[in-house]
Amino acid sequence: MNDDAPRPGTGAAAAGHYLIGGELPVHRMGFGAMRLPASQWDGPAHDPARGVAVLRRAAELGVNHLDTAAFYFFEDIAANDLIRTALHPYPDDLVIATKVGPGRFPDGSWMAPAGPAELREAVLRNLRELGRDHLDLVYLRFLGSDGPGEDRFATLAALREEGVIRHLGVSDASPQQLAEARAIAPVAAVQNRFSPLTRTDADMVEFCARHGIAFVPYFPFGGSGAPDLRSVEAVAARHGATPAQITLAWLLATSPAVLPIPGTSSPAHLEENVAAAALRLGPEDLAELDALGA
């Protein structure tokens, strides 16, 4: 049973849990690894030792849902390598999700969307880099109008049948792309942009909740930090919290199917994000925040 009710304890567990694909239990407050190698795609680089420390602290705080990708790298620093260094051998309850579809050359420039052969190789690359014999959740990341057709999602579905992948997801997907993917194989998660200021996928969130699909919002702060808005600050002041924490608490309150994955390379910021798992917003708070997306 998926549950967003308050739970005993502290850390990520305070957000409640969700069963990805109906079988993989995760605490609803997760962690995204994109910012570990660098602040932006073109740098500057972050200290790898600090990234390893952040990942280990996240595990200590009960985070058991990590989101990564082989294309999360800057120069010779790669998120997958940091995850393996920090956490391998992995705890039994750790769920690692990754994405395939785009690719980046060693110089950081982007490749064309991957075809079936490239997708299979991308999955195998994630296995090698993470040091695993299977992947818990693999998203097909779309780029604009490219979709699951031409055997792309079917390639991942075949790897699922082989036991290489446990569950499939789609990322940056339109309703049509989600429907096309679901016609090929079960979809356990959708990873799309969603925040108090970005509500385009509000209907998608509701659809996922009705159909037992996790909705994993990326850029929970809109992509450039917590929104600097008086209404967010007013709610934060009432709770003695930061605007970033209120944003994460709003996401958790939006639907029991929502699994935030805020990322950071800062130990202090990590602690702040995870502490938001215990925040409970009241009707007045939610009304003010919901008005931002009107």
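Residues numbered from 1 in each chain as written. Predicted model: local features only at pLDDT ≥ 70, side-chain atom pairs only at ≥ 80, totals over all residues. Heavy atoms only, no water.

1. Brief notes about the packing of aromatic side chains
We describe a pair of aromatic rings using the distance from one ring centre to the other and the angle between the two ring planes. This is how the line gets drawn: Under the pairing criterion, centres of Phe, Tyr and Trp rings, with the six-membered ring standing for Trp, must be within 6.5 Å; the plane angle then separates stacked pairs below 30 degrees from edge-to-face pairs above 60, leaving the rest tilted. The criterion is that NZ of a Lys, or CZ of an Arg, lies within 6 Å of the ring centre and within 35 degrees of the ring normal, and then a charge sits over that ring.
Tallying each qualifying case throughout the model produces 7 aromatic pairs. Put simply, the rings of W41, F71, Y72 and W110 touch in pairs and so form one group of aromatic residues. Lying across the ring of F73, R104 places its NZ or CZ 4.3 Å from the centre. Above the face of the W110 ring, R104 is positioned so that its terminal group lies 5.4 Å from the ring centre.

2. Section: unusual backbone geometry
What counts is decided by this rule: Each helix corresponds to a stretch of at least 4 residues labelled H or I by DSSP, and each strand to a stretch of at least 2 residues labelled E; elements are numbered beginning at the N terminus.
In the segment running from G43 into P44, the intervening peptide bond is cis, with an omega of 5 degrees. Each neighbour pair has its own omega, and for H88 with P89 the value is 0 degrees, a cis peptide bond. Mapped onto the elements, P89 comes out in the loop between helix 2 (79-87) and strand 7 (95-100). Although it is not a glycine, D151 adopts a positive phi angle of roughly 70 degrees. In this structure, D172 is a non-glycine residue whose phi angle is positive, near 55 degrees. Checked against the element boundaries, D172 lands in the loop between strand 9 (165-171) and helix 5 (175-182).

3. Some remarks on the environment of R120
Formally: We call a residue buried when its accessible area falls under 20% of the maximum for its residue type, exposed when it is over 50%, and partly exposed in between, using a 1.4 Å probe and counting protein chains only.
Relative to the elements of secondary structure, R120 occurs in helix 3 (residues 116-130). For R120, a relative accessible area of 33% corresponds to the partly exposed category. Between the C-alpha atoms of R120 and D151, which are 31 residues apart in sequence, the distance is 11 Å.

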